[in-house]
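Read off the chains here:
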Amino acid sequence: MTLTHSCNTPWADNWLVDTNEENPVHRGLSAFGKTVVEEMNRLGMIVDLAHVSVDTMKVVLNISKAPVIFSHSSAYAICPHRRNVPDDVLQMVASTGSLVMINFYNDYVTCKDTATLADVAGEVASGGWGAAVTPPCPTHLDPPMPPDHMDHVKKVAGAQSVGFGGDYDGVT
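Rules behind the numbers
- Residues numbered from 1 in each chain as written.
- Predicted model: local features only at pLDDT ≥ 70, side-chain atom pairs only at ≥ 80, totals over all residues.
- Heavy atoms only, no water.
- Axes fitted to C-alpha atoms, helices over the stretch in contact; angles between N-to-C directions.
- Helix = DSSP H or I, 4+ residues; strand = E, 2+ residues; numbered from the N terminus.
- Parallel < 35°, antiparallel > 145°, perpendicular 65-115°, else oblique.
- Left-handed = near helix turned anticlockwise from the far one by under 90°.
- Contact = heavy atoms within 4.5 Å.
- Nonpolar A, V, L, I, M, F, W, Y, C, P; charged D, E, K, R; others polar.
- Pairing = 2+ DSSP bridges.
- Disulfide = S-S within 2.5 Å.
- Buried < 20%, exposed > 50% of the residue type's maximum accessible area, 1.4 Å probe, protein only.
- Phe/Tyr/Trp six-rings, centres within 6.5 Å; stacked < 30°, edge-to-face > 60°.

Details of the packing of helix α2 (residues 54-63) against helix α3 (residues 87-96)
Argument step 1. The geometry of α2 relative to α3 is characterised by a closest axis approach of 10 Å and an angle of 20° between their N-to-C directions. Between α2 and α3, the crossing angle belongs to the class labelled roughly parallel. Seen along the crossing, α2 lies across α3 with a hand that is left-handed. Residues V54, M57, K58, L61 and N62 of α2 lie in contact with α3, whose contacting residues are D88, V89, M92, V93 and T96.
Argument step 2. Considered class by class, the residues forming the contact of α2 with α3 number six nonpolar, two polar and two charged.

Laid out in structure tokens, this is it:
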């Protein structure tokens, strides 16, 4: 269950807080929000942080007794959109066994109106490397591969922390 969408809830701040379009209400989670996360953990529910503020991400990653997911988010270092996950949070994702499932929404992939599957998952996704072939180091390619979200999350948080997410809106 996601804790917010595009508005603050009585228990969590959403991502628009980080754009200054909304004011923070809880600086992450309210006391009730912490209870919500504890109860979700007790019930075995997955906490989804795809639409929350960075403060909410950090609070939840610090208190959750179980790994969490970002069901459709990308890497902030590749596309600095506030729906994406910054590197310091990716490090927390790694240390908690959590998962970032890369988004397919153009604005969150390239920060532009268009994006390709290669922007999401690089050369492997566009069919350039077979599963049995080890690709060369990207710095040895001519021209070098541009950075992509899956490789970035893998580099910062580890291969166990990255997957394909949703918002399949426009990526070709």
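Comments concerning the sheet that holds strand β1 (residues 69-73)
Argument step 1. Ordered in space as β1-β2-β3, the three strands form an open sheet in which the pairing is parallel. The sheet is open, and its two edges are formed by β1 and β3 (162-164), each paired on a single side. When the angles between neighbouring strand axes are averaged without regard to direction, this sheet yields 25°.
Argument step 2. Summarising the sheet, β1 and strand β2 (residues 99-102) pair through three bridges and their orientation is parallel. Among the inter-strand pairings, F70 is bridged to a residue of β2, identified as V100.
Argument step 3. In this fold helix α6 (residues 149-157) packs onto β2 and β3, with an angle of close to 155° to the strand it touches most, β3.

Some points on the packing of α3 against α6
When two helices pack together, their arrangement is given by the angle between the helix axes and by the axis-to-axis distance.
Argument step 1. Packing of α3 against α6 leaves a shortest axis separation of 8 Å and a crossing angle of 65°. The crossing of α3 and α6 is right-handed. Side by side, α3 and α6 meet where D87, L90, Q91, V93 and A94 of the first sit next to H152, V153, V156 and A157 of the second.
Argument step 2. Split by residue class, the contact of α3 with α6 holds six nonpolar, two polar and one charged.

Things to note about the state of the cysteines
Argument step 1. Inspection of the entire model under this criterion finds one disulfide.
Argument step 2. There is a disulfide in this structure between C79 and C111, and the S-S distance comes to 1.9 Å. Between C79 and C111, the S-S torsion sits near 110°, and that sign places the bridge as right-handed. Of this pair, C79 sits in the loop between β1 and α3 while C111 sits in the loop between α4 (106-109) and α5 (117-125); the two residues are 32 residues apart in sequence, bridging distant segments of the chain.
Argument step 3. Looking at C79, the relative accessible area reads 0%, which means it is buried.
Argument step 4. For C111, a relative accessible area of 36% corresponds to the partly exposed category.

Some details on the packing of aromatic side chains
Argument step 1. For the structure shown, the criterion picks out three aromatic pairs.
Argument step 2. Both rings, one in W11 and one in F32, keep their centres 6.0 Å apart while their planes meet at 70°; by these two values the pair is edge-to-face. Of this pair, W11 sits in the segment before α1 (31-43) while F32 sits in helix α1; the two residues are 21 residues apart in sequence, bridging distant segments of the chain.
Argument step 3. Its relative accessible area of 48% is what places F32 among the partly exposed residues.
Argument step 4. A centroid spacing of 5.8 Å and a plane angle of 35° characterise the contact between F104 and F164, whose relative ring orientation is tilted. Separated by 60 residues along the polypeptide, F104 in the loop between β2 and α4 and F164 in strand β3 bring together distant segments of the chain.

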